[in-house]
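So the chains spell out like this:
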Amino acid sequence: MIAKKQLIDRFISYVTIDTESDPNSDTTPSTAKQWDLAHKLVEELKAIGLEEVTIDEHAYIMATLPANVDHEVPTIGFIAHFDTTPDYTGANVNPQIIESYDGKDIVLNEAENIVLSPSYFEDLKQYKGQTLITTDGTTLLGADDKAGITEIVTAMEYLIQHPEIKHGRIRIGFTPDEEIGRGAHKFDVAKFGADWAYTMDGSQIGELEYENFNAAGAVVTISGKSVHPGYAKGKMINSMYIAQDFINSLPRLETPEHTTGREGFFHLHHIEGTVEETKLHYIIRDHDKEHFEARKDVMTQLATNLNTQHQKEVVSVAVKDQYYNMQEHIAPVMHIVNIAEEAMQSIGVTPIIKPIRGGTDGAQLSFMGLPCPNIFAGGHNFHGRYEYVPVESMIKAVEVITKIAELTALR
C-alpha cells in the first residue's frame, strides 16, 4: 500500500522549489535554480537506497535499482523532467490540499476571485471524493512533471522495501529543460543503458501515448522602412501591416483553439513589432509527416508571395525542426506498449491510448535509440494557475510503475 501522506509530502517538497526553464538561455540547465531540485533529488535517491546515482555537468540525473532475479531480464527505464514551463510563473508555489473534493467550485484565491470550476474544467467531475492538490491561483503547480518525479522515486522506494516483487534492472533518469524542448538534447542514452523506457509525463489517469506531433519552430521576419509620418507617402513601409497580411493568410481554423486529435496547426505565440521590423514566432505541429512538411512549405511560399507582391525581399522565414513522431520507432517494439497497457488493466486503470498533442523527452529519446512511450502522471491544466493533480491518480501511477517492473521480469 502506497503511503499517501508520504507521497503528498514528497510532491510538495518538489513543487515548492522554483525550477522554471528559460528558452533565451544557452546554458544547460537553462536556469541555475534547476540545480536546487537536482541536488536534492540526488541526495534523496541515495537515501532511499538506489545505486549508481550520478549527476553530470548539465544536471542530468541517473540511478539504478539492481535486479532481484537471477535470470536475464531486459533493463527498463523511467524518466521525468524537473523543470517547469516559462509560460507561467513557478516561483513561490503555495499548494492547497483539498480533501474529499465535493464536486463543486474550488476557490483558489478569494482576494483575486480565481475559481477552479467543474463547469469550465469538466474533468474535475471524475475526481469527486478524492484528494486534490491545487495552486493558490497565483502560480502554476508544477505537477508537469514533478508528479512524474514523485511517482518514480516513490515506486523505486516501494520496490526496495518490498523485495518479494521480482524485477529486473531498472534505470531512472531526471532531466532539465524539457519544457523548452531541450530535455533529451544531452541525455546519454548509452550511459543510461536501458532496452526501453517510459516517460511519466502524461496528464489524466490512464493516458498511454506512443504517438506525438512532428514539431518545428518558425521565425518570420518582416522588414519595413521607417520614415517621418508627416512625409511618409510613397516612402514608409510599415512591417506590422505586412505581418498582419501574413497572419491573415494562414488558415484561421488550423490553430490550436480549433483543432483536436490528430489535427495539426500553426500557432502564433509571440509578436515583436515596430514600423522598421516585425518578428512573428510560430510553432508548427502535425502528426502526419507529409502534412507537417506541407505546413512548412505553406509558410515559405507565403513569404515568397508577399515578396512578389511588394517587389522586394520584405519577408523571410526561418524554420527549425524540433522533434518528430516517435510512433516510427515504437511500432517495431509494440510489446513495450502492451506491457504498460496490461499493467494498467491489472490495477483497475482503463488505458486511454491516444496521440499526444505535444511532445515529451520520449519523442527525442526514441529517435536516439531508446524507445520511450509516455504514461500518465495524473495532473490537469498544465502551464497555468488552474493546474491540479488528484493524489489518487499519482498513487495509481506508482502502482503502474511497479507493475511494469514486475510484468517485465515475468516475460
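Keep in mind the model is a prediction, meaning the values are calculated, not measured. (Residues numbered from 1 in each chain as written. Predicted model: local features only at pLDDT ≥ 70, side-chain atom pairs only at ≥ 80, totals over all residues. Heavy atoms only, no water.)

Asks: Give me the lowdown on the side chain of Gln-34, citing residues and values where you can.
Replies: For Gln-34, the location among the structural elements is in helix 2 (residues 34-48). In this structure Gln-34 comes out as buried when scored by relative accessible area, which is 0%. Those residues within four positions of Gln-34 in sequence are excluded, and the remaining contacts are Thr-19, Glu-20, Ser-21, Pro-29, Phe-82, Asp-83, Pro-176 and Asp-177. (Helix = DSSP H or I, 4+ residues; strand = E, 2+ residues; numbered from the N terminus. Buried < 20%, exposed > 50% of the residue type's maximum accessible area, 1.4 Å probe, protein only. Contact = heavy atoms within 4.5 Å.)

Asks: Residues and numbers for the packing of helix 1 (residues 4-15) against helix 3 (residues 143-161), please.
Replies: Between helix 1 and helix 3, the shortest axis-to-axis distance is 9 Å and the interhelical angle comes to 135°. Regarding the angle of helix 1 to helix 3, the classification is oblique. Seen along the crossing, helix 1 lies across helix 3 with a hand that is right-handed. Between helix 1, through Gln-6, Leu-7, Arg-10, Phe-11, Tyr-14 and Val-15, and helix 3, the contact on the second element is made entirely by Ala-143, Lys-146, Ala-147, Ile-149, Thr-150, Val-153, Thr-154 and Glu-157. For the contact of helix 1 with helix 3, the class distribution of residues is 8 nonpolar, 3 polar and 3 charged. (Axes fitted to C-alpha atoms, helices over the stretch in contact; angles between N-to-C directions. Parallel < 35°, antiparallel > 145°, perpendicular 65-115°, else oblique. Left-handed = near helix turned anticlockwise from the far one by under 90°. Nonpolar A, V, L, I, M, F, W, Y, C, P; charged D, E, K, R; others polar.)

Asks: How would you summarise the environment of Lys-289 if you had to cite specific residues and measurements?
Replies: Relative to the assigned elements, Lys-289 resides in helix 6 (residues 289-310). Note on Lys-289: relative accessible area 40%, which makes it partly exposed. Residues Lys-289 and Gly-379, spaced 90 residues apart in sequence, show a C-alpha to C-alpha distance of 29 Å. Other than its neighbours up to four places away in sequence, Lys-289 contacts Asn-214 and Tyr-324.

Asks: Mind laying out unusual backbone geometry, listing which residues take part and the relevant values?
Replies: Geometrically, the link from Thr-28 to Pro-29 is a cis peptide bond, its omega value of 0° lying close to zero. Structurally, Pro-29 is set in the loop between helix 1 and helix 2. Cis peptide bonds are those with omega within 30 degrees of zero, and the linkage from Asp-144 to Asp-145 qualifies with 10°. Here Asp-145 lies in helix 3.

Asks: I'd like a description of the nonpolar core, backed by residues and values.
Replies: Residues Phe-78, Met-156, Phe-174, Ile-375 and Ile-404 are the most contacted members of the largest nonpolar core, which totals 69 residues. The greatest single-element share of this core, amounting to 10 residues, is contributed by helix 10 (residues 391-410). Apart from residues lying up to four places away in sequence, Ile-375 is in contact with Tyr-198, Thr-199, Met-200, Asp-201, Gly-202, Glu-207, Leu-208, Ala-340, Met-344, Val-400 and Ile-404. Grouped together as the second largest cluster of nonpolar side chains are 20 residues, Ala-218, Ile-222, Met-299 and Val-314 included. (Core = buried A, V, L, I, M, F, W, Y, C linked by side-chain atoms within 4.5 Å.)

Asks: Hey, could you go over the sheet that holds strand 8 (residues 170-175) for me, with residue numbers and the actual values?
Replies: Sheet architecture is open: 8 strands sit in the order 1-2-8-3-9-16-10-15, paired in mixed fashion. Bordering the open sheet on either side are strand 1 (51-55) and strand 15 (352-353), each of which pairs with just one other strand. Sheet analysis places strand 3 (residues 76-81) next to strand 8, joined by 6 bridges and oriented parallel. Looking across to strand 8, one finds that Ile-76 is bridged to Ile-170. Lying on the sheet, helix 8 (residues 335-346) is in contact with strand 9 (196-202), strand 10 (207-209), strand 15 and strand 16 (374-376); it crosses strand 9 at an angle near 50°. The strands that helix 10 touches are strand 3, strand 8, strand 9 and strand 16; relative to strand 16, the one it contacts most, it runs at about 135°. (Pairing = 2+ DSSP bridges.)

Asks: Go over the sheet that holds strand 4 (residues 96-98), please, and point to the residues and values.
Replies: Here we have 3 strands laid out as an open sheet, ordered 4-7-17, and antiparallel in their pairing. Strands with a single pairing partner mark the edges of an open sheet, and in this sheet they are strand 4 and strand 17 (388-390). Adjacent strand axes in the sheet meet at a mean angle of 20° when their direction is disregarded. For strand 4 and strand 7 (residues 132-134), the ladder comprises 3 bridges, and the chain directions are antiparallel. Opposite Ile-98, over in strand 7, you have Leu-132 as the bridge partner.

Asks: How would you sum up the pattern of salt bridges? Please name residues and give values.
Replies: Applying the stated criterion across every chain, the model contains 16 salt bridges. The partner of Arg-10 in a salt bridge is Glu-157, and the shortest N-O contact between them spans 3.1 Å. Pair noted here: Arg-10 is in helix 1 and Glu-157 is in helix 3, with a separation of 147 residues, a long-range link. A salt bridge links Arg-252 to Glu-257; its shortest N-O distance comes to 3.3 Å. The same class applies to Arg-252 and to Glu-257, which are both exposed. When salt bridges that share partners are traced, they join Arg-10, Glu-44 and Glu-157 into one network. (Salt bridge = Lys/Arg side-chain N within 4 Å of Asp/Glu carboxyl O.)

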